[in-house]
Amino acid sequence: MTVTAKGEGSGAVLEVEDLNVEFPTEDGIVRAVRGAGYRLERGESLGIVGESGSGKSVTALAVMGLLPATARVRGSVRFDGGELLGLSDARLSEVRGSGIAMIFQDPMTSLNPVYTVGYQIAETLRRHHPGLKARAARDRAVDLLGRVGIPGPERRVDTYPHELSGGMRQRVVIAIAMANDPEVIIADEPTTALDVTVQAQILDALEAARAETGAALVLITHDLGVVAGHTDRVAVMYAGRIVETGSVGDIFYTPRMPYTLGLLGSMPRLDREEERLIPISGSPPSLLNLPPGCPFAPRCPLRREVCDRVEPPLRPSDHAHHLSACHFAGELVDARAEDLFAVAGADSELLARFADTAPGSDTEEDSA
Ligand code: ADP
Ligand code: MG
């Protein structure tokens, strides 16, 4: 037997490499994703975090082959070692059926309003197990509804999506993903539309889905707090690129990109003495006519002249698996969000050190 391409040479189940997505629009070309990449080992979980507009959803849709036809996509997306970019719609929908399941922010995107939830789960099961009897499929549907935390699953199995709350619907979507027995689950802001107490339960339901199927998880969120207890690794996205990636510990305790520090500072945390959030001023750049240099520079307290000229590459910072895209990553050792993004006039050694070499005083902060 010859070696097959399946998983050849690596344990990666999903590899996204140098992904570029452009949308031609009336105003010009929107460069939504600019050389993004990640690698997901079997069963592993990766959080993708960044403010709205950073290219998280477009990256996910490119992986799933769900972008509008006008999108121009370059790069590589390999699932189980096989290239997905350029596959026919028929082949891609096979992959979507059983290889990679996607969970969207709005569960109604995935549910059919005219069928009961039990019917929709049973149909999915029977697509994968053609011999499965109706009774057994229904029993399994009840079992899956229980596993995702739906109380009274024997009763709920016969309800229609509109009879359920948003949180319950999202659990049904996760149960359907489980019924597909996928190798990868991509969840795009699965809790964003829900209130905080329900969010935690949905994340637990996702954990249950992983435990049951052994699937790897890509958890996309604008909220760094969501990934903390639920993923092994984190990739931070900004302006269409991954600007920092590492283990959850790397990202939370030794961030090496000012943007990551900014996200950490603007996250509510119980371990901080004064419960004060430090917002990053400004907003992400338009991806239409992006100027040269680091896209975060206009908002960055550490901006120096080089930042406006050269976009920093993503490269190893303190170890081989912790990468960051900042010219001054090395200067961020022990930096805290409040050292960088605190209110104007804050006494910060780090900022003082940078002020000596900064080009004028054209940072976002007014001098006090
Ligand atoms: P995120 O999910 O991180 O909030 P998105 O991936 O949805 O961000 O969007 C990234 C960028 O791509 C945004 O600037 C958005 O406006 C743009 N974009 C997304 N879809 C389209 C489209 N169909 N046509 C033009 N621009 C788009
Ligand atoms: Mg999105």
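Higher on the page you've got the structure.
Residues numbered from 1 in each chain as written. Chains lettered and ligands numbered in written order. Predicted model: local features only at pLDDT ≥ 70, side-chain atom pairs only at ≥ 80, totals over all residues. Heavy atoms only, no water.

Q: Would you mind showing me how to read helix α6 (residues 166–179) here?
A: Owing to its 3.6 residues per turn, the α-helix brings residues three or four apart onto one side. The terminal C-alpha atoms of α6 lie 20 Å apart, and with 14 residues this matches the ideal 20 Å at 1.5 Å per residue to within 8%. A large share of α6 lies buried, amounting to 13 of its 14 residues. One or two positions beyond α6, positive phi appears at D181, with a value near 45°. (Helix = DSSP H or I, 4+ residues; strand = E, 2+ residues; numbered from the N terminus. Expected span 1.5 Å × (residues − 1). Buried < 20%, exposed > 50% of the residue type's maximum accessible area, 1.4 Å probe, protein only.)

Q: Is there a simple way to explain the environment of A320 in this structure?
A: On the secondary structure map, A320 appears in the loop between β11 (315–319) and β12 (322–324). On the basis of relative accessibility, which here comes to 58%, the residue A320 falls in the exposed class. Measuring from C-alpha to C-alpha, the distance between A320 and G246 comes to 9.2 Å, with 74 residues separating the pair along the chain.

Q: Got a minute to help me understand the pairing of strand β4 (residues 72–79) in this structure?
A: One face of the sheet, then the other: side chains in a regular strand alternate in exactly this way. Pairing geometry for strand β1 (residues 12–25) and β4, over seven bridges, is antiparallel. Residue pairing in the sheet places E15 in a bridge with R78 of β4. As defined by bridge partners, β4 adjoins strand β5 (residues 82–83) across two bridges and the pair is classed as antiparallel. Bridge pairing in β5 links F79 to G82. Count of turn residues in the β4/β5 antiparallel hairpin: two residues, of which D80 carries a positive phi of about 50°. (Pairing = 2+ DSSP bridges.)

Q: Would you take a moment to explain the pattern of salt bridges for this structure?
A: Where charged atoms of side chains with opposite charge meet at close range, the side chains can pair. Taken as a whole and judged by the stated rule, the model has 24 salt bridges. Here E183 makes a salt bridge to R42, at a shortest N to O gap of 2.9 Å. Here E183, found in the loop between α6 and β7 (184–188), pairs with R42, found in the loop between β2 (28–41) and β3 (45–49); they are 141 residues apart in sequence, far enough to count as distant. One salt bridge in this structure joins R147 and E212, with 2.8 Å as the shortest N-O distance. With R147 in helix α4 (residues 134–147) and E212 in helix α7 (residues 196–213), the pair connects residues that are 65 residues apart, well separated along the chain. Classification of R147 as partly exposed rests on a relative accessible area of 41%. Salt bridges sharing partners connect three or more residues here, namely E15, E17, R39, E41 and R78. (Salt bridge = Lys/Arg side-chain N within 4 Å of Asp/Glu carboxyl O.)

Q: Help me understand a nonpolar patch on the surface in this model?
A: A cluster of nonpolar side chains, contributed by V114, Y115 and Y119, occupies part of the molecular surface with about 300 Å² of accessible area. Secondary-structure assignment places V114 in the loop between β6 (100–103) and α3 (117–128). (Patch = residues over 30% accessible without salt bridge, like charges linked within 9 Å, V, L, I, M, F, W, Y side chains within 5 Å. Areas by Shrake-Rupley, 256 points an atom, 1.4 Å probe, with all protein chains shown as cover.)

Q: Would you explain unusual backbone geometry in this entry?
A: If a residue is not glycine, its phi is most likely negative; likewise, a peptide bond is most likely trans. A positive phi angle, near 50°, is found at D80, a position not held by glycine. Note that D80 resides in the loop between β4 and β5. For A239, which is not a glycine, the phi torsion comes out positive at approximately 50°. As for its placement among the helices and strands, A239 is situated in the loop between β9 (233–238) and β10 (241–247).

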